[in-house]
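The chain contents come next:
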Amino acid sequence: KGVARAKGGRQGEVYLSVDEYADVDWDKLGFRLMETDYMYIMKCCQDDEFSHGHLNRYGNIELSPSAGVLNYAQGLFEGLKAYRKVNGNGFLIFRPEENARRMQIGSDRMCMPSPSVEQFVHAVKQTVLANKRWIPPPGKGSLYVRPLLMGSGPILGLAPASEYTFLVYAAPVGNYFKEGLAPINLVIQDESYRATPGGTGAVKTIANYSPVLKAQMQAKKKGFTDVLFLDAVDNKYLEEASSCNIFIRKVDERLVSVEDLTDADEVFCTGTAVVVAPVNSITYKGQRYKYNCGEDAVSRKLYKSLTDIQMGIAEDKKGWTVEI
Ligand code: COI
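Residues numbered from 1 in each chain as written. Predicted model: local features only at pLDDT ≥ 70, side-chain atom pairs only at ≥ 80, totals over all residues.

Enquirer: Lay out the pairing of strand β7 (residues 163–173) with the relevant residues and their values.
Expert: Counting buried residues in β7 gives nine out of 11 residues, a clear majority hidden from the surface. When strand β1 (residues 38–45) meets β7, the two strands line up antiparallel, connected through six bridges. Bridged to I41 within β7 is L167. Judged from the 10 bridges that link them, strand β6 (residues 142–151) and β7 form a sheet pairing that is antiparallel. Bridge assignment links M150 to a residue of β7, and that residue is T165. (Buried ≥ 20, exposed ≤ 12 C-beta atoms within 10 Å, placed from the backbone. Helix = DSSP H or I, 4+ residues; strand = E, 2+ residues; numbered from the N terminus. Pairing = 2+ DSSP bridges.)

Enquirer: Describe the site of the ligand, with residues and values.
Expert: Taken together, G79, S243, G271, T272 and A273 make up all the residues around the ligand. Residues of the shell around the ligand, tallied by class, amount to one nonpolar, four polar and no charged. (Near = placed C-beta within 6 Å. Nonpolar A, V, L, I, M, F, W, Y, C, P; charged D, E, K, R; others polar.)

Enquirer: Mind laying out the confidence of the model for the protein chain, listing which residues take part and the relevant values?
Expert: Residues with a pLDDT of 70 or more make up 94% of the protein chain, whose mean pLDDT is 92. For residues 1–17, every residue scores under 50 in pLDDT, and the model assigns this stretch 26 contacts once sequence neighbours within four places are set aside. Overall fold confidence for the complex sits at a pTM of 0.90, while the interface term, ipTM, reaches 0.95. (pLDDT = per-residue confidence, 0-100. Contact = placed C-beta atoms within 7 Å.)

Enquirer: Please provide a residue-by-residue account of the UniProt feature "modified residue: N6-(pyridoxal phosphate)lysine" (unreviewed entry) in the protein chain, values included.
Expert: Look at the UniProt record and you will see "modified residue: N6-(pyridoxal phosphate)lysine" (unreviewed entry) annotated at K204. Within the fold, K204 resides in the loop between β8 (184–189) and α4 (213–221). Discounting chain neighbours no more than four positions away, the residues touching K204 are L76, F77, E78, R102 and G106. (UniProt positions renumbered as here; feature names shortened; annotations may be inferred.)

Enquirer: Report on the nonpolar core, specifying residues and quantitative values.
Expert: Counting 44 residues, the largest nonpolar core has A82 and V145 as its most contacted members. Here the element with the most residues in this core is β7; it accounts for seven residues. Other than its neighbours up to four places away in sequence, V145 contacts L80, K81, A82, V124, T127, V128, V168 and A170. L186, C244, V279 and Y291 belong to the second largest nonpolar core, which has 28 residues in total. (Core = buried A, V, L, I, M, F, W, Y, C linked by C-beta atoms within 7 Å.)

Enquirer: Describe unusual backbone geometry, naming the residues involved and giving the relevant values.
Expert: Positive phi is not limited to glycine here, since V275 has a value of about 65°. Note on placement: V275 falls in strand β13 (residues 275–284). Despite not being glycine, K285 has its phi angle at roughly 50°, a positive value. For K285, a count of 8 C-beta atoms within 10 Å translates into the label exposed.

Below you can see the structure in the form of structure tokens.
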């Protein structure tokens with residue numbers, strides 16, 4: 001199997017001459033880090049604009065011990081996926097501009113400069129193309145692309161960092177949950193909360209994620225797939241699971257209370273990493289509620305419709321995919 005070789009090109013761009021596929025057992029992909037060939041890096045100072053982005057070999061980065069991100073969690077992340085087209089020609093990235101816009105909203109909340117939408121999308125495309133041998137064959141998974149934005153400059157007192165780093169890396173992934181495509185089992189716990197009014201729950205800051213680990217570990221020890229969190233004010237409206245959003249089959253968009261779960265036909269989780277995962281059961285205060293996960297479930301139809309668009313099997317009538 002071949003090794004990726006950089007072959008010059010314009011500054012900041014790498015053209016690869018490689019075997020089509022990396023040496024990976026594509027049938028055994030899960031959601032684990034597999035180091036790929038290249039990452040994209042772009043820096044800027046506070047009150048300045050990002051420029052001079054370029055691809056580097058994938059590897060460790062050097063950070064000051066007093067970097068803003070390490071001391072005060074001044075950081076955001078994104079997640080998006082690239083698929084190999086079924087006909088074998090080219091790759092599809094799913095809605096990268098939306099991730100770019102979300103990072104811009106988050107960077108305002110976290111007092112960080114952010115790349116423009118064009119810079120973000122360019123960086124994602126470059127990262128995907130430079131790592132294209134890691135994009136799984138159609139039907140086996142996708143290349144998960146992880147953009148990061150962080151305060152990389154040193155800071156001691158609490159203040160925005162003096163320098164910022166935008167970094168994009170990628171890894172081939174299969175199904176997120178160990179259950180694969182099988183329905184998952186959630187547990188509601190009301191001892192800790194995902195988001196609070198006025199907090200950062202509405203943006204994708206890195207610090208929103210580690211606080212769920214304790215509840216997640218405890219749930220996994222009891223055999224559940226994931227935790228479903230309630231709102232912090234009324235302690236009764238569904239918020240989200242640790243790694244994904246939640247839908248219950250009802251046609252309107254509104255606050256959904258725990259009581260609504262008792263008469264729902266169907267429940268499913270969605271997310272970039274998770275895609276669409278049918279929920280088999282939700283346990284709340286020791287009571288287990290079961291849902292339809294059969295062949296007729298809406299979640300199964302949604303999963304197929306979405307992944308068919310992402311892989312180029314179905315026509316993309318909404319202009320969601322970007323072809324490279
Ligand atoms: C994603 O779906 O991309 C996320 O950000 C969730 C993460 C925990 C994998």
